[in-house]
Amino acid sequence: MDKFKHLKTTAIPLPSQDIDTDQIIPARFLKATSREGFGENLFRDWRFNEDGEPKKDFVLNNTDYSGSILVAGRNFGCGSSREHAAWALVDYGFRVVISSYFADIFKGNALNNGLLPIQVSDEVLDMLLTNVESNPALEIEVDLEAQTLSVPSINLLESFDINSYKKTCLLNGYDDIDFLLSKMNKIKEFENNYRGF
């Protein structure tokens, strides 16, 4: 995974609530087992008509909006526990999803794949959605080390929670195996000190 420390970017607003994993990546696209290529089918049924033509009214097809932060409605990632939902978001280019509530399994899958889910209050989410929708050039800053989300142009500064182990992994670009490998010298030292007991 790529390291994540600080991000400053514009954002894409998606105010729909209860966005489930089948809407994020429909089940018919889950045949592949590698993480690549899922981004092209992210929100497939919302982005495209049956003939494959982009739907003009869907935000990902609106060239006014861009950036690697998705600001989504409450209860993002509910439904089935498919890890492919996180794969699709990352493959599309998102590094952060902001919502006022995340399904637990989606949240874990996101963190395991280098995607940072930031949970804010309903009030802060409404403020972000309103301002991003009205100003596509609005920049949002995320500082993972400080655990802060800020939008200086609207005087917003919020702290967010993250599991300390997952924070370490994101900062260093580790998955679970990389983390264990980073401790190899300590593991060997422990084995040598306690061999024979």
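Residues numbered from 1 in each chain as written. Predicted model: local features only at pLDDT ≥ 70, side-chain atom pairs only at ≥ 80, totals over all residues. Heavy atoms only, no water.

## Considering the overall build of the protein
In step 1: Helices and strands together make up the secondary structure of the protein, namely eight helices and eight strands.
In step 2: Here the protein, with 197 residues, has 44% of them falling under the buried criterion.
In step 3: Taking as baseline every contact in the protein between residues at least 6 positions apart, the subset at least 24 positions apart corresponds to 64%.
In step 4: When the accessible surface of the protein is split by element, carbon and sulfur atoms take 46% of a total near 10,600 Å². (Helix = DSSP H or I, 4+ residues; strand = E, 2+ residues; numbered from the N terminus. Buried < 20%, exposed > 50% of the residue type's maximum accessible area, 1.4 Å probe, protein only. Contact = heavy atoms within 4.5 Å. Areas by Shrake-Rupley, 256 points an atom, 1.4 Å probe, with all protein chains shown as cover.)

## Side note on the pattern of salt bridges
In step 1: Within the structure shown, the criterion is met by four salt bridges.
In step 2: Between Lys8 and Glu139 there is a salt bridge, with its nearest N and O atoms 3.8 Å apart. Pair noted here: Lys8 is in strand β1 (residues 6-9) and Glu139 is in the loop between α5 (122-134) and β6 (140-143), with a separation of 131 residues, a long-range link.
In step 3: In this structure Lys8 comes out as partly exposed when scored by relative accessible area, which is 48%.
In step 4: Between Arg74 and Asp122 there is a salt bridge; the shortest N-O distance is 3.6 Å. A residue pair is termed long-range when its members are at least 10 positions apart, and Arg74 in the loop between β3 (69-72) and α3 (84-92) and Asp122 in helix α5 qualify at 48 residues. (Salt bridge = Lys/Arg side-chain N within 4 Å of Asp/Glu carboxyl O.)

## Section: the side chain of Arg95
In step 1: Here Arg95 is to be found in the loop between α3 and β4 (96-99).
In step 2: Leave out the neighbours within four places in its chain, and Arg95 touches Asp2, Lys3, Phe4, Leu7, Ser68, Gly114, Leu115 and Leu116.

## Some remarks on the sheet that holds strand β2 (residues 11-14)
In step 1: Pairing is parallel in the open sheet, where four strands are placed in the order β2-β3-β4-β5. Sheet topology places β2 and β5 (116-119) at the edges, where each strand pairs with a single neighbour. Here the strands of the sheet are splayed against their neighbours by 20° on average, with no regard to which way each runs.
In step 2: In this structure, β4 lies alongside β5, joined through four bridges in parallel fashion. What sits directly across from Ile98, in β5, is Ile118.
In step 3: Together, β2, β3 and β4 form the strand contacts of α5, whose direction differs from that of β2 by roughly 115°. (Pairing = 2+ DSSP bridges. Axes fitted to C-alpha atoms, helices over the stretch in contact; angles between N-to-C directions.)

## Comments concerning the layout of surface pockets
In step 1: In this structure, the largest pocket occupies an estimated 210 Å³ of space.
In step 2: As for the largest pocket, its lining consists of Met1, Asp2, Arg35, Glu36, Trp87, Val90, Asp91, Arg95, Asn113 and Gly114.
In step 3: For the lining of the largest pocket, the residue count by class is three nonpolar, two polar and five charged. (1 Å grid on protein atoms, 1.4 Å probe; cavity = no way out; pocket = protein on both sides within 12 Å on 5 of 7 lines; lining within 4 Å. Points joined across faces, edges and corners; volume = space filled by probe spheres on them. Nonpolar A, V, L, I, M, F, W, Y, C, P; charged D, E, K, R; others polar.)

## Let's talk about the environment of Phe106
In step 1: Structurally, Phe106 is set in helix α4 (residues 104-112).
In step 2: Between the C-alpha atom of Phe106 and that of Thr21, which follows or precedes it by 85 residues, the distance is 8.2 Å.
In step 3: Apart from the residues within four sequence positions on either side, Phe106 is in contact with Ile24, Phe76, Gly77, Ala85, Ala86, Leu89 and Leu115.

## A closer look at helix α6 (residues 164-172)
For an α-helix the count is 3.6 residues per turn, leaving residues at separations of three or four pointing the same way.
In step 1: Residues of α6 that are buried: Lys166, Lys167, Cys169, Leu170 and Leu171.
In step 2: Among the residues trailing α6, Gly173 stands out with phi positive, at a value near 70°.

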